[in-house]
Amino acid sequence: MRALLFGMLSDRSPLDGLVEHYDKIHQCVGLIRDAMECYVAGGTCQDFMELAAQVDAIEDQADAIKRRIRNHLPRRLFMPVDKTLFLNYTNAQDNILDSAQEAMHWLAMRRVDIPEMFQKPIIDLIDEVNVITDLLGPSLKATIGLIYLQHTDRNGTKERFRAVRHKRQEVFKHKSTLVSSIYNSDQDFKDIYQLIHFIERLEDMGHNTEKCADVLRAMIAR
């Protein structure tokens, strides 16, 4: 009922801002993969620093979107979903971008020569993070459509949430295996420490994506 009432009073839902904010996440993950390929190639890699700066810029844009959303929320009565759930989702989605930014900062801190045996597994992990963040977009849009009665496919929407949770498990297993291999390698400990923190931040992106799916599930709970 609140969703219908809000739709009658405004042409723009606060949920629309979440889609705009999500689009920034999609941009960031692609940049991280490009940056990682550049980093692995070796050398000074000026392109890597430029890509890292782009991630920072996108994160700033996303923060501006988040502030705009929060500063223009309607009264609680006219919110299409519970306000606490909405703010929890906003935080979780923003944390995905924060983790992406931190991942890039860990790589940019100092040059690390990544052994060939770890290069492909790291890029594969980034690809898996890319998949899970890609799965969030349709989950968010399906949730919004269900809330505003644009469709009635509740089971299909829940299946999107399950796909996110399943991929999150794969990301976690991949991360754990990779961290164990790096930790037990004969690299300099500073290199090990730096690479592990980079990988942990990538896994955080998957973790926060799963949190987003859990909040979306709560939004449509009967």
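Each value, and the rule that gives it
- Residues numbered from 1 in each chain as written.
- Predicted model: local features only at pLDDT ≥ 70, side-chain atom pairs only at ≥ 80, totals over all residues.
- Heavy atoms only, no water.
- Helix = DSSP H or I, 4+ residues; strand = E, 2+ residues; numbered from the N terminus.
- Contact = heavy atoms within 4.5 Å.
- Areas by Shrake-Rupley, 256 points an atom, 1.4 Å probe, with all protein chains shown as cover.
- Salt bridge = Lys/Arg side-chain N within 4 Å of Asp/Glu carboxyl O.
- Buried < 20%, exposed > 50% of the residue type's maximum accessible area, 1.4 Å probe, protein only.

Participant: Honestly, the overall build of the chain in this entry has me stumped. Any pointers?
Facilitator: A tally of helices and strands in the chain yields 7 helices and 0 strands. The N-to-C order of helical and strand elements in the chain reads α-α-α-α-α-α-α. Counting contacts in the chain only where the partners sit at least 6 residues apart, residues at least 24 apart contribute 82% of the total. Taken as a whole, the chain presents about 10,900 Å² of accessible surface, with 51% of it coming from carbon and sulfur.

Participant: What's the story with the pattern of salt bridges in this structure? I'm lost.
Facilitator: Side chains that carry opposite charge are capable of pairing whenever their charged atoms lie near each other. Using the criterion set out here, one finds 15 salt bridges in the structure. Lys 66 is paired through a salt bridge with Asp 63; the nearest N and O atoms lie 4.0 Å apart. With Lys 66 and Asp 63 both in helix 3 (residues 46-71), this residue pair falls 3 residues apart, about one helical turn. Each member of the pair, Lys 66 as well as Asp 63, is classed as buried. Of the charged contacts, one joins Asp 214 and Arg 165 as a salt bridge, the two residues approaching to 3.9 Å between their closest N and O atoms. Here Arg 165 lies in helix 6 (residues 154-183) and Asp 214 lies in helix 7 (residues 189-219), a separation of 49 residues in the sequence. With relative accessibility at 38%, the residue Asp 214 sits in the partly exposed group. For Arg 165, a relative accessible area of 28% translates into the label partly exposed.

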